[in-house]
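# Examination of the molecular architecture
One-letter residues, chain by chain:
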Amino acid sequence: MSTSGAAPRSPAFGLLFYALGILVVAGFAVGWLPEVSSAHGHGIDRVIRYLLLTTGTLFLVGCLVLGRFILTYGRGAPQEGAVLSERTQLLWAIVPVLLMCAISEVGVLVMALPVFGEVYGEPAEDAFEVEVVGKQFEWLVRYPGPDGVLGEVDHDKVHDSRNPLGLVKSDPAARDDIVLRGQLHLPVGRMSIVSLRSLDVIHSFTVPLFRTKQDTLPGYTAFTQFTPEKEGTFELACAELCGLGHYRMQGTVTVQSEEELAQWLSEQEPWL
Amino acid sequence: MAVAQEHAPQTFISKYVFSTDHKVIGLQYILTALFMGIVGSALAVLIRAQITWPEKALVTPENYISLVTMHGTIMVFFVVSLALVSGFGNFLIPLMLGARDMAYPFLNMLSYWTVVPACLLVLASFLVEGGAAAAGWTAYPPLSALPEAVPGSGLGQTLWLLAMALFIASFTMGGLNYIATILNCRARGMTLMRMPLTVWTYFMSAILGVLSFPPLTAAAIMLLLDRHGGTSFFLPEGLVFGNETLPHQGGTPLLFQHLFWFLGHPEVYVLVLPGIGITFDLLATFARRPIFGYRTSVWSLVVVGFLSMIVWGHHMYVTGMNPYVGEYFSIATVLITAPFAVLGLNLVASLWRSRIRMEVPMYWALGTIAVIGLGGFGGLFLATSISDIYFHESFFVVGHFHLMIGVVTVLSALGGTYYWFPKMFGRKMSVGLAKLHFWTTYLPVVAVFALMHFQGLSGLLRRYYDHTIYEFQEAGIGLALPITILVFVVTGSQLVFIYNFFVSMRRGEVASANPWNGTTLEWTAPSPAPHGNWPGALPVVDRHPYDYDPAAPAEADFKPQGTVA
Amino acid sequence: MSETAALSRPRASDVLFLVLLGVVAMLFAGFTAAYFIRRPAPDWVPIAIPLWSWVGTAVLAASSVTLELARRRESTGLQRVSLLLGCAFLAAQLFSWSGLAQSGIALPSTPHGAFYFMLSAVHGLHVIGGLCALAWVTLSDRPLRLVAAYWHFMGLVWLYVLFLLAS
Ligand code: HEM
Ligand SMILES: [Cu+2]
Ligand SMILES: [Cu+2]
């Protein structure tokens with residue numbers, strides 16, 4: 001029977017958990033995050049690094065202690081004094097409680113709250129406004145045109161090729177609206193507010209390099225705000241399963257200077 | 001008092017098919033889950049193959065999302081719930097409590113035979129027109145409500161909903177039975193604070209299950225009515241498909257998400273808590289010392305259970321829910337790490353001044369501890385609403401939840417199988433094969449899901465048929481091939497387990513009643529345990545469940561929790 | 001079970017029963033949440049609660065009274081009366097449904113109506129379950145205690161549903 005004779009030992013386990021802790025934390029830390037390109041994105045990356053540092057340390061320490069215990073107590077030697085009083089055991093529970101409350105609430109309330117203000121707070125006065133509408137399986141972008149007002153839309157008028165957003169002809173504000181498929185142009189260094197709608201199912205507007213993500217719900221207008229920091233083109237994708245073409249709901253975001261953007265906008269024809 | 005054996009059923013049908021014996025029912029659940037697990041893993045392999053070699057277009061995009069949906073559904077509800085919660089729960093609770101059976105054996109049998117048609121419906125849904133459900137295991141409307149939106153939302157989604165209804169009915173019967181059994185059928189002297197932690201975790205799991213499934217049932221009923229009754233609970237005005245506007249109006253899709261996650265989050269704990277409980281029990285036996293912080297562990301379980309019912313919104317930070325509500329959910333969610341850290345500390349500290357016997361079940365217990373830690377590590381990134389903006393719907397999430405509800409649960413179920421196999425069949429499993437199985441499962445599986453975290457950090461999005469058309473996903477998809485190779489290793493490794501399981505059942509080394517020198521009550525029953533569990537009188541409990549003494553001579557270092565007169 | 005019967009533990013049937021009530025309560029809590037989230041939408045047109053529903057309420061209340069008397073006096077006659085009253089309640093519900101249908105209110109017509117149909121159907125299914133249990137204990141001459149308690153509980157749930165829908 002297995003219990004007779006020398007206890008089976010396995011120092012490999014001690015080493016396994018040393019290696020596991022070190023490899024995983026190192027793996028997290030080696031810089032997978034793509035370069036950020038929006039103002040609030042730095043804050044998000046800071047929160048991520050904060051969590052990596054704090055909980056990463058805890059995880060590493062946990063693994064090292066686990067490995068150490070296995071090496072030390074895996075030798076089969078008798079151990080005295082294994083049982084501690086109820087009180088000591090209770091005290092040992094207070095340590096992790098305080099530690100985790102501190103680490104996690106500092107994360108949420110100290111590190112993340114300023115970023116929360118940037119992402120969900122009052123938008124800047126001069127913010128650049130544009131509408132993005134998700135539909136299976138593309139992103140439709142609408143600019144208000146010279147009048148600066150997004151015109152009326154009517155879902156009964158939606159036609160895939162002729163009038164993808166269902167612009168209402170009788171509304172003068174709609175007549176100069178510019179509608180584009182899958183290309184969004186934004187000014188650099190100025191806050192953009194994107195109002196988000198959906199024509200069918202739930203989609204999610206995400207530009208990973210901006211660290212931004214917001215679902216588009218049918219029957220509801222959501223907003224997301226961010227300030228692009230660098231000129232260039234960035235990829236726009238969908239982050240909510242929306243059907244068989246979910247993976248190809250691709251778009252591009254072109255960030256350019258105010259002048260270039262104004263120039264480009266003036267070259268676009270109104271849809272109607 | 002040899003009453004029990006006289007009532008033992010004699011015919012094959014009453015003994016193995018329509019049995020009311022909790023051990024037979026437990027095994028029926030486990031074998032059903034094993035079968036469904038083979039299906040679920042086959043789907044996982046197909047998913048991996050498609051992600052890794054998208055240019056080969058092994059499946060169509062619509063089949064791909066069906067695969068993902070059905071893999072998730074099968075794994076969560078028909079593998080992990082069935083094997084760990086229903087299977088091991090049934091087998092262990094009466095044995096560990098010193099009871100002859102569950103409080104309601106007939107209800108128990110009914111519960112099993114309700115879930116069997118649910119499994120059949122799930123399997124059948126692959127064959128119907130439009131294919132199996134394809135709206136994700138979360139089944140968010142409008143996608144899940146409208147066949148116009150995706151082919152799988154035709155008959156496939158209806159079968160999915162019916163299967164879920166049967167599953168919920170079965171699981172609720174099981175949960176009621178667990179609670180009644182735990183509160184009523186404990187052996188003499190078995191106070192609540194003397195129950196093994198495994199039973200405590202099943203208790204919490206059952207409470208969470210029965211309280212959180214009903215709102216999902218309500219959501220499922222409303223979804224069925226939206227689909228087939230023309231109502232608009234979840235469907236707003238102005239849904240346009242193929243240039244036609246649907247007549248629905250006024251509904252709100254977010255309502256479904258709230259009801260779904262009101263179940264969905266506690267369900268995570270329904271699954272993971274028993275895994276933690278089993279780990280505690282295995283740990284005590286092979287560390288040969290009492291569990292560190294038994295009481296604080298019990299209280300942590302209770303706190304975790306309570307908190308898990310008020311944090312569901314952390315799955316909805318970017319859905320358009322009021323961000324201030326999201327902030328509340330974030331503050332509440334990260335608090336769960338506190339009781340979880342207590343559990344983690346108690347697990348690790350249970351090795352302090354121990355005398356470890358490195359038997360095979362202990363491999364899995366130790367492995368599970370590290371995975372719980374890794375899961376908790378990733379969890380905070382998702383619980384903090386601001387960092388979740390980046391991680392939501394990325395492979396970070398996939399890595400994280402697989403560790404928690406996939407790996408912790410499966411590792412502990414496997415460890416539990418090696419540990420209680422003697423009690424099930426009176427034999428032991430082959431140690432050599434078991435070690436091979438452990439190393440070829442543990443190393444690759446941890447690597448797979450750790451790598452998925454890295455993919456998520458690099459921005460890889462989930463539920464994607466083809467990532468390669470995006471530049472920003474290039475870094476992440478670079479890891480796809482190594483992951484898939486490791487997945488093949490893990491999958492192959494399970495064949496070793498299945499072989500070992502079935503061969504050892506008939507040819508394994510014969511085991512004594514208490515082959516591991518364990519203290520909990522199941523080891524006072526014969527191996528395999530007969531109908532009624534104890535041939536004579538029931539055991540009487542006079543101490544806490546983990547009375548080991550690492551200072552005593554090796555053969556006399558334990559005192560069983562109870563004695564059989 | 002008998003071997004541990006001497007211990008002072010809650011009865012298994014009581015535990016099972018109380019938790020079952022918890023399950024039913026959570027089900028209706030789920031519907032309640034949905035009701036309050038759905039109600040502010042612009043398409044919410046209130047419907048009048050059909051007269052038959054009020055009749056049914058009275059019948060259901062009466063059945064609770066007769067069942068309680070049956071339990072106290074151990075009278076199978078009153079038990080049968082309660083069974084009949086329970087069936088009458090369901091009949092009244094069917095009348096109220098067909099009345100609504102005749103006045104042109106079908107399931108999809110208005111959200112308030114949809115909630116009315118759905119909640120009364122879900123409640124009705126629970127009542128049918130109660131009727132089956134009642135028939136079973138009546139025929140097999142078993143104790144009425146828990147079935148009666150369930151019946152009163154479903155009566156309360158019905159009052160709650162009605163209050164929700166009428167408020
Ligand atoms: C054989 C081991 C497993 C592998 C290789 C695996 C792999 C995967 C993959 C590749 C996905 C799809 C990711 C995506 O693109 O969205 C996925 C989804 C999922 N898996 Fe697993 N998985 C395994 C086991 C499990 C287990 C044991 C569970 C039990 C809880 C589970 C639960 C899920 C769930 C819930 C989803 C999400 C489905 C959805 O998006 O709707 N998996 N898995
Ligand atoms: Cu999508
Ligand atoms: Cu959750």
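This report concerns the structure included in the present document. (Residues numbered from 1 in each chain as written. Chains lettered and ligands numbered in written order. Predicted model: local features only at pLDDT ≥ 70, side-chain atom pairs only at ≥ 80, totals over all residues. Heavy atoms only, no water.)

## Topic: the coordination of the copper ion (ligand 2)
Residues and elements named next belong to chain A. For the record, the criterion: Sites may look incomplete because water is not among the atoms; the donors themselves are N, O and S atoms within 2.8 Å of the metal, or within 3.2 Å for Na, K and Ca. Angular criteria define each label, namely tetrahedral for four donors with all angles between 85 and 135 degrees, square planar for four and octahedral for six donors with opposite donors over 155 degrees apart and remaining angles between 65 and 115, and irregular for whatever fails these tests. Each residue gets one of three labels from its accessible area relative to the maximum for its type: buried under 20%, exposed over 50%, partly exposed in between, using a 1.4 Å probe on protein chains only.
Protein ligation of the copper ion (ligand 2) involves C238 (SG), E240 (O), C242 (SG) and H246 (ND1), the donor distances falling in the range 2.1 to 2.6 Å. The site at the copper ion (ligand 2) holds four donor atoms, and with the angles between them running 85 to 133°, its shape is irregular. Binding-site remark: the copper ion (ligand 2) is held by donors from one chain whose sequence spacing is C-x1-E-x1-C-x3-H. We classify C238 as buried; its relative accessible area is 0%.

## Section: the pairing of strand β8 (residues 222-226) of chain A
All names here are of chain A. Selection criterion: Put simply, DSSP marks the helices as runs of H or I at least four residues long and the strands as runs of E at least two long, and each gets a number from the N terminus on. A pair of strands counts as paired when DSSP detects no fewer than two bridges linking them.
Of all five residues in β8, four are buried, a share of seventy percent or more. Bridging between strand β5 (residues 192-198) and β8 involves five bridges; their strand directions are antiparallel. In the strand pairing of β8, S195 is matched with F223.

## Let's talk about the interface of chain C and chain B
A common way to express how large an interface is: the accessible area buried when the components associate. Condition: Should any heavy atoms of two residues lie within 4.5 Å, those residues are counted as being in contact. Each of two parts loses accessible area, computed with a 1.4 Å probe, when they are put together; buried area is these two losses added. Here, a salt bridge means any side-chain nitrogen of Lys or Arg that lies within 4 Å of a carboxyl oxygen of Asp or Glu. Definition of a polar contact: a pair of N or O atoms within 3.5 Å, with one able to donate and the other able to accept a hydrogen when the atoms are protein atoms, and with sequence-neighbouring residues admitted only if both atoms are side-chain atoms. For this scheme, ten residues count as nonpolar: Ala, Val, Leu, Ile, Met, Phe, Trp, Tyr, Cys and Pro. Four count as charged, namely Asp, Glu, Lys and Arg, and the remainder, Gly too, count as polar.
In this complex, chain C contributes 30 residues to the contact, which on the side of chain B involves 41 residues. Between chain C and chain B lies a buried interface of about 3,000 Å² when both sides are counted; carbon and sulfur atoms form 74% of it. Our count for the chain C to chain B interface comes out at zero salt bridges. Where chain C meets chain B, there are eight residue pairs in polar contact (both at pLDDT 80 or more). Secondary structure elements with two or more residues in the side of chain C that touches chain B: α1 (12-38) and α4 (111-140) of chain C. At 14 residues, α1 of chain C tops the list of elements feeding residues into the side of chain C that touches chain B. Classifying every residue of the side of chain C that touches chain B gives 22 nonpolar, three polar and five charged.

## Topic: helix α12 (residues 360-383) of chain B
Under the convention used in this document: Helix span, expected: 1.5 Å multiplied by one less than the number of residues in the helix.
In this model, α12 of chain B (24 residues) spans 35 Å end to end at C-alpha, consistent with the 34 Å of a helix rising 1.5 Å per residue. Burial of α12 of chain B is extensive: 22 of the 24 residues sit out of reach of the surface.

## What about the interface of chain B and chain A?
Across the contact, 109 residues belong to chain B and 98 residues belong to chain A. Together, the buried faces of chain B and chain A total about 9,300 Å²; carbon and sulfur atoms form 71% of this surface. Considering only the surface of chain B that becomes buried against chain A, F377, I386 and Y390 of chain B emerge as the three largest contributors, covering 8% of it. Linking chain B with chain A are two salt bridges, by the criterion used here. The partner of E240 of chain A in a salt bridge is R463 of chain B, and the shortest N-O contact between them spans 3.9 Å. Inspection of the chain B/chain A interface yields 23 residue pairs in polar contact (both at pLDDT 80 or more). No other element matches α12 of chain B, which puts 10 residues into the side of chain B that touches chain A. The class makeup of the residues in the side of chain B that touches chain A is 71 nonpolar, 21 polar and 17 charged.

Don't take any of this as a statement about function, it's just geometry.
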